[in-house]
Amino acid sequence: FFSINPSYTPVIPQTTKQRLNKMAAANSHFPKLFQKLDLGKAGVLKNRVLMGSMHSGLEKGTVFGGQTDLTSMGKFFAARASGGAGLMVTGGVAPNRAGWVSPFAAKLSNPSEMESHKVVTQMTHEAAPDSKIAMQILHSGRYGYHPLAVAPSPVKSPIGWFTPHELSTSEVYKTIEDYANCASLAKEAGYDGVEIMGSEGYLINQFLVERTNKRRDEFGGEYENRMRFPVEIVKAVREAVGEDFIIIYRLSMLDLVDQGSDWNEIVLLAKQIEAAGCTIINTGIGWHEARVPTIVTSVPRAAFSWVTEKMMSEVDIPLCTTNRINMPHTAEKIIETGQADMVSMARPFLADPEIVNKSEQGRVDEINTCIGCNQACLDHTFKGITASCLVNPEACHEDDLVITPVDPGKKQKIAVVGAGPAGMAFSKTARERGHDVTVFDQAGELGGQFNMAKVIPGKEEFYETIRYFKTMLSKLGVTIKLNTRVEASDLVEQGFDSVIIATGVSPRTPPIPGVDHPKVLSYIDVLRNKAEVGKKVAVIGAGGIGFDVAEFLVHPKSDKTSGDEVDLDEYLKEWGVDKSNEVRSGLLEPKVHPAEREITLLQRKSGKLGAGLGKTTGWVHRANLVKMNVNMIGNVSYDKIDDSGLHISIKDKRDPKKSTKQVLDVDNVILCAGQTPLRELEEPLKAAGVNTWRIGGAEEAGELDAKKAIDMGTRLAARIEDSKPGDVFTMDIGSGAKVIEFFRDFRNKKAGINN
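Thresholds applied
Residues numbered from 1 in each chain as written. Predicted model: local features only at pLDDT ≥ 70, side-chain atom pairs only at ≥ 80, totals over all residues. Heavy atoms only, no water. Helix = DSSP H or I, 4+ residues; strand = E, 2+ residues; numbered from the N terminus. Buried < 20%, exposed > 50% of the residue type's maximum accessible area, 1.4 Å probe, protein only. Contact = heavy atoms within 4.5 Å. Areas by Shrake-Rupley, 256 points an atom, 1.4 Å probe, with all protein chains shown as cover. Pairing = 2+ DSSP bridges. Axes fitted to C-alpha atoms, helices over the stretch in contact; angles between N-to-C directions. Phe/Tyr/Trp six-rings, centres within 6.5 Å; stacked < 30°, edge-to-face > 60°. Parallel < 35°, antiparallel > 145°, perpendicular 65-115°, else oblique. Left-handed = near helix turned anticlockwise from the far one by under 90°.

A.B. asks: Describe the overall build of the protein chain, naming the residues involved and giving the relevant values.
C.D. replies: Per the secondary structure count, the protein chain includes 23 helices and 27 strands. For the protein chain, the C-alpha atoms occupy an extent of roughly 80 × 65 × 50 Å along the three principal directions. Taken across its 755 residues, the protein chain has 58% of its residues classed as buried. Residue pairs at least 24 apart in sequence account for 73% of intrachain contacts in the protein chain once pairs closer than 6 positions are excluded. Element-wise, carbon and sulfur atoms account for 49% of the exposed surface of the protein chain, whose accessible area totals about 29,300 Å².

Put into structure tokens, the structure is as follows:
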């Protein structure tokens with residue numbers, strides 16, 4: 001086994017973790033979270049919050065590796081630095097071209113590219129001199145969405161597009177040099193540190209396990225050889241940057257894939273990484289190809305802090321825990337109970353760049369909480385679209401979505417009809433800018449469709465979004481009139497300058513004979529009106545609503561109203577995660593509780609049910625229902641509904657002209673067959689000469705889309721006084737999606753896949 005360079009003295013802060021808690025707490029709300037953290041020669045962190053790395057799309061690359069404008073990235077990090085983050089980590093930047101995540105993605109390997117990054121560090125340090133920023137060095141390995149991808153062995157990823165080139169031994173050593181060069185350039189650009197991405201299944205992870213490493217040279221075979229690659233990288237980086245620079249190593253502590261690392265190997269690597277000069281070890285959970293959800297909204301809060309806790313006694317440098325930590329009391333408990341020295345929050349900084357300041361000041365009710373939906377962050381990333389946030393569309397769009405006070409001469413009196421996501425988002429932003437806003441809703445509570453979403457098992461976080469908007473509308477002085485059905489004549493008489501129609505949608509009733517049978521219910525009957533549902537159920541429609549209704553019905557009734565109440569042990573058992581972390585990869589046989597009902601989920605279209613669900617979350621929803629033995633049938637037509645049940649015809653896959661008739665003996669048929677927009681106020685208001693705008697479901701019903709609704713409401717509110725009805729209020733998806741689509745088509749054509 002190789003030895004550490006005897007002439008090098010690693011930067012290990014003092015002796016043990018005992019000194020980490022010596023610095024006096026200065027905060028009365030969350031005293032542990034706001035203790036400083038001394039990193040020795042690498043400096044002092046003002047608090048224990050690390051803003052974790054995210055692929056945002058702001059880390060732009062170029063075709064030929066020259067300079068590019070990273071001002072947008074600088075604005076993004078400056079806002080989070082001002083918001084109180086102690087240490088931030090950028091999205092992944094490749095150390096060479098082969099390490100690209102996607103074609104022409106961010107790379108740092110030459111002085112020209114380095115110059116581009118100076119604006120990021122300058123803007124960040126100017127915004128908050130006491131906030132530090134590290135650049136993540138990420139080599140995608142076989143996860144690269146491009147034909148130049150490399151790996152320790154030519155083993156194609158199940159989620160990848162290309163079989164990677166096997167690195168030769170000399171190419172491995174050159175890659176180690178590239179990491180050191182990248183880190184040196186990052187320091188020259190003004191970064192306070194780097195994070196070496198060694199988890200999530202990227203290149204370093206691929207070297208560590210036999211699943212992907214079939215080599216027989218000094219970087220393959222026994223574990224001591226397989227771990228040589230990351231240890232040599234950390235050694236080379238430390239020697240390149242000196243002692244006054246933060247090195248974070250993202251260590252995969254729970255692989256969650258077959259043939260992953262076992263705990264003894266992980267501990268050995270952690271110790272060697274520490275000895276090689278690492279400053280902080282950050283926790284990584286699961287490979288991207290793992291079939292265990294680790295960050296989606298159904299994952300309990302702080303679901304993996306126990307993994308980090310197990311490592312706490314093994315090394316002396318600070319440990320950071322991660323995944324689904326979205327509120328300060330959760331973070332405080334982790335540090336207070338000794339599970340970690342720091343907490344990583346990534347997506348929560350998308351949802352609210354001020355989360356740390358608000359926590360420090362005790363303004364927890366004003367935090368716009370990350371709900372873990374992935375719809376505008378990770379889903380965008382994998383489509384080549386600049387990331388954002390469902391609950392905060394300003395995230396990563398600080399350039400094109402700017403909220404400024406309204407000119408006093410243009411202030412308007414505005415009525416908002418409908419208090420769902422679109423209406424609440426518009427009202428908050430318009431009132432922040434100085435407009436006079438009144439909200440009307442015939443329901444007795446704010447939230448609209450979110451009040452149905454929040455009762456779905458695994459979507460308890462949606463309560464937080466409603467809490468946030470309710471708090472902010474109250475504090476901003478928005479007039480709210482609930483239990484009020486308003487007519488066009490009322491709005492005209494009250495003299496509003498503009499009326500925002502955010503009235504949402506009405507469930508569509510499909511033309512099926514017998515659709516008025518007593519056993520037929522709509523999703524609103526089930527989710528909002530709490531209708532009694534029998535034990536055998538057919539759900540018509542397999543979009544997001546159909547899947548939600550099925551999820552709701554297979555579980556026992558729940559009174560959970562917070563993400564804090566989701567049961568961690570139950571989640572770990574259902575997904576087969578070994579909480580002792582003694583089994584290699586951390587995988588056990590899942591133990592699923594019996595379904596409450598026998599569900600059949602149906603759709604007219606052929607193909608996979610739920611194909612339109614979120615790109616990074618759809619598989620979780622499908623897997624959940626499969627575990628609960630939900631019967632999924634596509635390519636059906638609905639013949640009639642009667643006392644016998646639902647009569648259907650299933651088309652033959654080979655010959656669509658043929659079909660098989662079947663009667664589903666069910667107690668209830670639940671309609672989730674689309675929606676139609678509610679717009680009855682529009683025409684009479686226009687006839688009266690009132691400026692009228694449609695947002696959310698009232699503009700576009702389709703599949704209910706809170707992301708689009710909140711984005712639309714916010715963008716309209718940002719410039720309503722200078723806009724006219726008919727203007728477009730949606731984010732630009734950019735050119736990245738077209739590049740991804742081009743290479744996807746290239747891959748499919750090469751593989752003979754017909755789109």
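Let us keep going from here.
A.B. asks: An account of the sheet that holds strand 18 (residues 520-522) is requested, with residue identities and associated values reported.
C.D. replies: Strand pairs in the sheet, formed through backbone hydrogen bonds, run parallel or antiparallel to each other. The five strands are arranged 18-25-19-20-21 in an open sheet whose pairing can be described as parallel. Sheet topology places strand 18 and strand 21 (631-633) at the edges, where each strand pairs with a single neighbour. If you compare each strand with its neighbour and ignore which way they point, the axes differ by 20 degrees on average. Two strands pair when backbone bridges link them, and strand 19 (residues 536-540) and strand 20 (residues 598-602) are joined in this way by five bridges, in the parallel orientation. The partner of A538 across the bridge, within strand 20, is T600.

A.B. asks: Tell me about the sheet that holds strand 11 (residues 319-321), residues and numbers included.
C.D. replies: Reading around the circumference, 3-4-5-8-9-10-11-12 is the order of the eight strands in this closed barrel, with parallel pairing throughout. For this sheet, the mean angle separating the axes of adjacent strands, direction not counted, is 30 degrees. Relative to strand 11, strand 10 (residues 280-285) runs parallel, the two being bridged by two bridges. Looking across to strand 11, one finds that N282 is bridged to C320. Running over the sheet, helix 2 (residues 111-127) touches strand 4 (87-93) and strand 5 (132-137) and is turned about 150 degrees from strand 5. Helix 6 (residues 228-241) rests against strand 8 (193-198) and strand 9 (246-254) of the sheet, and its axis sits at about 165 degrees to strand 9.

A.B. asks: Account for the packing of aromatic side chains, naming residues and giving values.
C.D. replies: Tallied over the entire structure, the rule returns 15 aromatic pairs. With a centroid separation of 5.1 Å and 85 degrees between ring planes, the pair formed by F76 and F77 is classed as edge-to-face. Residue class for F76 comes out buried when judged on its relative accessible area of 2%. With a relative accessible area of 3%, F77 lands in the buried category. Geometrically, the ring pair formed by Y143 and Y202 is edge-to-face, given 5.5 Å between the ring centres and 80 degrees between the ring planes. On the criterion of sequence distance, the pair formed by Y143 in the loop between strand 5 and strand 6 (150-151) and Y202 in the loop between strand 8 and helix 4 (203-208) is long-range, its members being 59 residues apart.

A.B. asks: So what about the packing of helix 18 (residues 544-554) against helix 20 (residues 618-627)? Which residues, and what values?
C.D. replies: In contact at an axis separation of 10 Å, helix 18 and helix 20 are set at 40 degrees when each is read in the N-to-C sense. Overall, the two elements helix 18 and helix 20 adopt an arrangement that is oblique. Relative to helix 20, helix 18 is oriented so that their crossing is left-handed. Together, F547, A550 and E551 of helix 18 and H621, R622, N624 and L625 of helix 20 make up the contact between the two elements.

A.B. asks: Quick rundown of the pairing of strand 4? Include the residues and the values.
C.D. replies: Judged by how many residues are buried, strand 4 sits mostly within the fold: seven of seven residues are covered. Where strand 3 (residues 49-51) lies against strand 4, two bridges are found, and the strand directions are parallel. If you follow L50 over to strand 4, its bridge partner there is L87. In the sheet, strand 4 pairs with strand 5 via five bridges, with the strands oriented parallel.

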